[in-house]
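# Working through the structure, step by step
Okay, here's what each chain looks like letter by letter:
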Amino acid sequence: MTGRQAPLLSVRDLKVVFPTPIGMVHAVDGVSFDLEAGQSMGIVGESGSGKTVTAKTLMNLLPSYALVDGSVTFDGRDLRSLAAQRKTEKHLWGVEISMVFQDPMTSLNPVKKVGEQIAESLRYHLGQTRTAARRQAGDLLEQVGIPEPGRRLDEYPHQLSGGLRQRVVIAAALACEPRVLIADEPTTSLDVTVQKHILDLLDDLRAERGMSMILVTHDLGVVKGRTDEVMVMYAGRTMEEAPTEEIFSQQGHPYTEALIETIPKINSASHTRLVPIPGQPPVTTSPPTGCPFADRCRYTTDLCVAQGPPLTPLGDDHHVACHTPVGTPAAETVLAANAARGHTATGLEIHQSGVPVGAVVDGPGEQT
Amino acid sequence: MAGRGTVQLRGGKDVILRVENLVQEFPVGRNRVVHAVSDVSFDLRKGETLGIVGESGCGKSTTARALVQLPPPTSGRVVLDPDSENEVDLTRLSGNDLRNVRPRLQMIFQDPISSLNPRRRVMDIVSEGLEIWSDGDIGTEGRERVEEVLHAVGIDPAAAASHRPHQFSGGQCQRISIARALTMNPEILICDEPVSALDVSVQAKILNLLEDMKARYDLSLVFISHDLSVVRNVSDRVVVMYLGKLCEVGDADRLYEAPAHPYTRALLASAPEPARSVGVADAVLGDDLPSPTDPPSGCRFRTRCPLAIDRCAAEEPLMKKIDEDHFVACHLPFT
Amino acid sequence: MTLPSEVGDAVMATSYTQAESAKARRLGLGFWLPMSWMILIVGVALLAPVLPLKDPTDYFIRPGERPPYPPSADHWFGTDQDARDMFSRIISGARVSLAVGFMTIAMSFTVGGALGMVAGLVRGWFDRLASFLFLVLLSFPGLVLVILIISLVDPTVLTISVTLAIGGIAPVGRLARAATLSFAEREFVIAARTLGARNSRILFRELLPNVIIPMGALVLLGVAAAILAEGGLAFLGLSLEKGETWGKLIRNGAGSRVLRDSPWVAFGPITVMFLTLASLNYIGDYLRDFFNVRETGLGR
């Protein structure tokens, strides 16, 4: 969140609530971030963190019964009010802001030729003729690295492999030269060797076109070394936002720290004991008043339970929603106190070394 | 790659499972056949965790199912207690003979929810195995065993008695599956992508649990996954598969620190956090994906391999030893 | 309501005990209204012999007036052309029509369900045989089959039910087979095999409790279809000779003159039949949705 020039995309205190048979589901409960032109940002979170709902809000893809609060500003324009005026803004989503979804098999129409699916966007949004659109579709297929693009134009999705299909989806998303590309778990359903190529492709395309990109994923490894910034989400809220480097080298939020610790590392020897995160995410129908991570965090104090921590700066471009960010003297003190006492303010047992102890016996809806 | 051969098989008294020349083919359409697994051989020692890693279509899950004969393989042998007087080849058994051996090999699956019957209570699901073998009444001993196992995996037996699977989380369902398998007192636990469908923060708990259960119940594990970091973490020995064939077999740490097969190297280099033993250049692979109904001649990996030579098309590479407990099927391995 | 996946993700993190109580509340007016009707009609039909009803075969001629008599305090649904009380005739018809409906479904679901389930689990030659049987039954013109059978046997409640049931075996069997196939692929069935379960155990313990859900929801829809089929048969004159059914009653009141001058003769039974079929359909739909949600957890 630098102040050099107005960011291209600015989200402030976004909240999305869904009325459901079991109550009001607070899918997104206070998310704020900025995206500059040409910048790439990773949104990282587990299932239920609200990352996909956030992405869909930006793309105006929420169901009509969703209740949205907060502000989303794109290039000075208020996206939320534009979303309400469907008729006048036909050429914003899909043109200036575009999206790539997780499963190419379901995001492509199985009974339409691949070239047609790209060309129709060009004809509808940019008013191109059939011939011009087809030619450009072929160009796009080439740009995304599909061999023999001319032939592929007339193929159907099932005739292509998963990796090629995803490239087609990317080509379709880029057809109208968007300024922001949102990729929601674009490689999760693909093999790892293909995954790398697709992510590299997205990087190359972004650099070539000066496009901004939001990469939504549950896999921290996917953003490492790729995005400029990372925002970590948990229970519908922003927990931390920082340059990618710092997320890995100097985490500010205990959740980020725990997340990085818990992942098995490819370079660690076999049988290295893993560090789990005790407990499970809070119930989305009754979000806690305090910090949502409090009952799983080793640094929890009474303040954490009482008051949800606001997003506060921790350094250059680094914001954390925590009363005692990791590494600060306050955090050290609190951890030592919790370890000495044997438990945190929420009753989470802490070992003397500072590592949380998970309870053993549990029933439904309790520990994971 | 994609080679065959049996030099990687070890002998000795502590080998409890040996798979020899396993072939699994499925007819599809009129005259075509999917060569899902083509001549794969490996073994498992007591107390060992064997990791099988590969991408989609490599045949790792098919191999797992073939071990438990569901469905039985097209050809090959799956031998328990090989070279001993109790040796038994599962592929030669059928009907009741096969059923009687089943408790020795249990399995847990990828999707925690669909691994459990949604209509039954968890306690009944976990007791199922004992019920089958005791003709209905498992007795006090049986009930105690079920409770003990539920405690061991971290599920409250009282909750299990009154709730159904959909009332538990994914991680808890996976624990329940593990408990169900453990009641049979198996020798071998086959884990088919057990953590792939779980959140990252839950994976660690389940992996730790498997380690603990392995120690407590004296198990040997066959662990299948596409996630390279997870496989290294749990395995003693690793097998890399591609399009139904074995590429490389060896001690886990050794294989990850000194990968010899170009495909192994590509996998390790493509991981979001690449292994330090390989470089960016190793990740370069051709896009020409072969078809499992008409696999390439010779080495099946040659159509994507940056190092392929004529010999690779003409001659299928055999497994050969390149180091202590390190075998590779390639004409030009890295050494 | 089926929730889109993004909402489902958020909801998955929610405690399910909340969800259970919410679902219980969902059996609202939409369910209880048709249910009340069914309870009423089935109850009255069952209790008819002991209720103070008029004799449906008795003639209640009023001197000086030609029947049919319109609905009045004496005859709630009026009378037919022979001055027989429509109300008691409709209830008498209900006994038969409902009996045929439920018996038909009981038979076709048991036979079709069993065939379909075994075929779906065991596959191989049995599956091929069963599928062929289903194909033949479906291809055979139903009406021809019915007329054929009716002409050969005495049309009683039992024989009519069996005849209609034969026609129902194929669709039910196919449904059962499809449901079994989809469940048989699930990992919990493979797990049961690894535990050492035999086919029979898998069929009854693992598959039946699951397959019965989609099939159960269709039972009521099937009953409605069977009642309607019997009504059609009666209208053609192919149903019971003795006794009343709704179809016969409607046929009786369907002549153009009667319909024009005394519509109640036909519309009494039509209305009751319609309400019954609509209620069965409605409850069947409701139950299908209810169980669908329960199993998959809020529609995911």
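Refer to the structure printed above.
So, how was this worked out
Residues numbered from 1 in each chain as written. Chains lettered and ligands numbered in written order. Predicted model: local features only at pLDDT ≥ 70, side-chain atom pairs only at ≥ 80, totals over all residues. Helix = DSSP H or I, 4+ residues; strand = E, 2+ residues; numbered from the N terminus. Expected span 1.5 Å × (residues − 1). Buried ≥ 20, exposed ≤ 12 C-beta atoms within 10 Å, placed from the backbone. Contact = placed C-beta atoms within 7 Å. Pairing = 2+ DSSP bridges. Axes fitted to C-alpha atoms, helices over the stretch in contact; angles between N-to-C directions. Parallel < 35°, antiparallel > 145°, perpendicular 65-115°, else oblique. Left-handed = near helix turned anticlockwise from the far one by under 90°. Nonpolar A, V, L, I, M, F, W, Y, C, P; charged D, E, K, R; others polar. Core = buried A, V, L, I, M, F, W, Y, C linked by C-beta atoms within 7 Å. Right-handed = clockwise from strand over helix to strand, strands pointing away.

What follows is about helix α8 (residues 192–209) of chain A. Helix length check: α8 of chain A (18 residues) gives 26 Å between terminal C-alpha atoms against 26 Å at 1.5 Å per residue, within 8%. Looking at α8 of chain A, one finds that the buried residues are V192, T193, V194, Q195, K196, H197, I198, L199, L202 and R206 of chain A. In this fold, the buried residues of α8 of chain A make contact with β3 (40–44), α7 (162–174), β7 (180–184), β8 (212–217) and α9 (220–223) of chain A together with α10 (262–270) of chain B. One or two steps after α8 of chain A, the chain reaches G210 of chain A, where phi turns positive at roughly 60°.

Once that is clear, we can look at the sheet that holds β8 of chain A. Residue and element names in this part refer to chain A. Sheet architecture is open: 8 strands sit in the order β6-β7-β8-β3-β9-β10-β12-β11, paired in mixed fashion. For this open sheet the edge positions go to β6 (97–100) and β11 (312–315), each flanked by a neighbour on one side alone. For this sheet, the mean angle separating the axes of adjacent strands, direction not counted, is 20°. Summarising the sheet, β3 and strand β9 (residues 229–234) pair through 4 bridges and their orientation is parallel. What sits directly across from V44, in β9, is V232.

Right, let's talk about the packing of helix α6 (residues 170–182) of chain B against helix α7 (residues 200–216) of chain B for a bit. All names here are of chain B. At a minimum axis separation of 10 Å, α6 and α7 run at an interaxial angle of 15°. Judged on the interaxial angle alone, α7 and α6 are roughly parallel. Between α6 and α7 the crossing geometry is right-handed. When α6 is examined against α7, the residues G170, G171, Q174, R175, I178 and L182 are found in contact with a partner set consisting of V202, K205, I206, L209 and M213. A per-class count over the contact of α6 with α7 returns 6 nonpolar, 3 polar and 2 charged.

Before going further, it helps to spend a moment on the packing of helix α3 (residues 122–133) of chain B against α6 of chain B. Residues and elements named next belong to chain B. Two elements in contact, α3 and α6, have axes separated by 7 Å at closest approach and are oriented at 30°. It follows that α3 is roughly parallel to α6 by the angle criterion. Taken together, the residues of α6 that come into contact with α3 (itself represented by V122, I125, V126, E128 and G129) are I176, A179 and R180. The class makeup of the residues in the contact of α3 with α6 is 5 nonpolar, 1 polar and 2 charged.

In this section: the environment of I202 of chain C. Mapped onto the elements, I202 of chain C comes out in helix α9 (residues 199–235). In sequence terms I202 of chain C and L121 of chain C are 81 residues apart; their C-alpha atoms lie 8.8 Å from each other.

Further remarks concern the interface of chain A and chain B. In many analyses, interface size is given as the accessible surface area lost on bringing the parts together. Across the boundary between the two partners, chain A contributes 37 residues, which contact 43 residues of chain B. Counting residues per element, the ones that place at least two in the side of chain A that touches chain B are α8, α9 and α11 (254–262) of chain A. Broken down by element, the side of chain A that touches chain B gets its largest block of residues, 4 residues, from α8 of chain A. Residue classes in the side of chain A that touches chain B are distributed as 15 nonpolar, 14 polar and 8 charged.

The biggest cluster of nonpolar side chains holds 152 residues, and the ones touching the most others in it are V126, I176, A179, I190, C191, V222 and V239 of chain B. Considering each element in turn, this core owes the most residues, 13 residues, to α9 of chain C. Setting aside residues up to four positions removed in sequence, A179 of chain B forms contacts with V126, V149, L150, V153 and I155 of chain B. Membership of the second largest hydrophobic core comes to 94 residues, among which are V11, V144, V194 and F293 of chain A.

This next bit is on the pairing of strand β7 (residues 188–192) of chain B. All names here are of chain B. Counting buried positions over the 5 residues of β7 gives 5, a clear majority of the element. In this sheet, strand β8 (residues 220–225) lies alongside β7 in parallel orientation, the contact comprising 5 bridges. Directly across from D192, in β8, lies its bridge partner I224. Between the parallel pair β7 and β8, the chain is carried across by α7, and the sense of this crossover is right-handed.

Moving on to the pairing of strand β4 (residues 75–80) of chain B. Residues and elements named next belong to chain B. Sheet topology places strand β1 (residues 15–28) next to β4; 5 bridges connect them, and they run antiparallel. Each residue of the ladder has a partner; that of E20, found in β4, is R77. When β4 meets strand β5 (residues 88–89), the two strands line up antiparallel, connected through 2 bridges. Note that in β5 the partner of L80 across the bridge is V88.

Whenever strands of a sheet pair, they do so through backbone hydrogen bonds, lying parallel or antiparallel. Residue and element names in this part refer to chain B. Across the sheet, which stays open at both edges, the 8 strands sit in the order β6-β7-β8-β3-β9-β10-β12-β11 with mixed pairing between neighbours. Of all the strands in the sheet, just β6 (105–108) and β11 (320–323) have a single pairing partner and so form its edges. Put simply, the sheet's adjacent strands are angled 20° from each other on average, direction ignored. Bridge count between strand β10 (residues 245–251) and strand β12 (residues 326–328): 3 bridges; the pairing is antiparallel. Within the sheet, the bridge partner assigned to V249 lies in β12 and is F327.

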